[in-house]
Amino acid sequence: MITLRKNIAAMDRYVPGFQPEETGWIKLNTNENPYPPSPKVVEAIQAELVNGGENLRKYPDAGSKEARRVAAELYGVDPSWVIMANGSDELLNNLIRAFADAGDEVGFVHPSYSYYSTLAHIQGAKVVTFGLTADTKIADFPDSYRGKVFFLTSPNAPLGLGFDNTYISELADRCRGVLVVDEAYVDFTNTSAMELVKKHENIVVTRTFSKSYSLAGMRLGLAVARPEVIAALDKIRDHYHLDRLALVAAAAALKDQPYLRSTVAKICATRDWFSAELRQRGYHVHPSQTNYIFAEAPDGDGKRIYDTLFAHKILVRYFSDPLLASGTRISMGTREEMEKTLAVLSELD
Ligand code: PMP
């Protein structure tokens, strides 16, 4: 008889957000970008496919050298401080594998990205969660935190506010293990912990291409940290973890910062307009520095919001967690999609 490792047998599979197969849905449930990626990304992929896809015959560059070089230039660090990844999920996974043994503690804020918990359980690590205070600090965080890895989602998911750098710096001093600042949504705000990586040897900043760069379908992420940390992550990753198309897409996307800024500006403008409209209708909308908003309905019935929108083929994310006051997370679509969403919500009595 086959026997699973005990912790794998005991854990549940992570269920990602619903991806409907049929067309006609307005998808506001997984924080994807409603705009296509930079045309330069598409050109780079097409160029990689010349001569009937002849390049695909060969393995990709196992060191992601060009993409790392471009990222390093953008962030003002040496390429030895950068690693590319197959989605930032790969980095979160490998950070746990690199730093936490079975039984070691992995910490994060709850509510935040629930996948941290799945990844920790795969490793057999012990999950410890901390609450958030009303002024976006971590409740009861010890002066000397002994966990091997602590994930700080900044800006926070699903509430949307970031932590300031003075506070992140203080947390890094209090962490004896690695402090991973998960900046999946950071392009929608104007502060980042990136500069702290040089000051604190235990800070790792992770980024994704799935949101601001409109490349969720390519599976791309990156991390910036001290070369010792990057070398450890390089040791344990799959050697060909990024395919040829993803590699050229990553470099082209990073190079086209004007395109990134223009889509981000559109999304932030939609977010601010949509938040104001909901507030006028009596919703409590948390201030957001991301491409989604977290809203609590006037009657506190988030399930009704979800069901009503679902009936109109609009997908949002509902949280039944009591800590989230039955709120709804709504990713920002195009202005037109958000107008339709608002029209449905306005019909609710
Ligand atoms: N961190 C956070 C906070 C996220 O919300 C997500 C996406 N759901 C990720 C990481 C993973 O992003 P990726 O698509 O790059 O794996």
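Here is what the cut-offs are and how they apply
- Residues numbered from 1 in each chain as written.
- Predicted model: local features only at pLDDT ≥ 70, side-chain atom pairs only at ≥ 80, totals over all residues.
- Buried ≥ 20, exposed ≤ 12 C-beta atoms within 10 Å, placed from the backbone.
- Helix = DSSP H or I, 4+ residues; strand = E, 2+ residues; numbered from the N terminus.
- Pairing = 2+ DSSP bridges.
- Right-handed = clockwise from strand over helix to strand, strands pointing away.
- Contact = placed C-beta atoms within 7 Å.
- Axes fitted to C-alpha atoms, helices over the stretch in contact; angles between N-to-C directions.

J.: Give a description of the pairing of strand 6 (residues 178-182) that names residues and reports values.
T.: Burial of strand 6 is extensive: five of the five residues sit out of reach of the surface. The alternating pattern of strand 6 places Val178, Val180 and Asp182 on one face and Leu179 and Val181 on the opposite face, and all of these are buried. Note: strand 5 (residues 149-153) against strand 6, five bridges, orientation parallel. In the strand pairing of strand 6, Leu152 is matched with Val181. With respect to chirality, the unit in which strand 5 leads through helix 7 (residues 165-174) into the neighbouring parallel strand 6 is right-handed. One ladder, built from four bridges, connects strand 6 with strand 7 (residues 203-208); its direction is parallel.

J.: Tell me about the sheet that holds strand 13 (residues 328-331), residues and numbers included.
T.: Taken in spatial order, the four strands of this open sheet run 9-10-13-12, and their pairing is antiparallel. Of all the strands in the sheet, just strand 9 (284-285) and strand 12 (317-318) have a single pairing partner and so form its edges. Where strand 12 lies against strand 13, two bridges are found, and the strand directions are antiparallel. Directly across from Tyr318, in strand 13, lies its bridge partner Thr328. Where helix 10 (residues 257-280) meets the sheet, it contacts strand 9 and strand 10 (292-296), and its direction lies at approximately 5° from that of strand 10.

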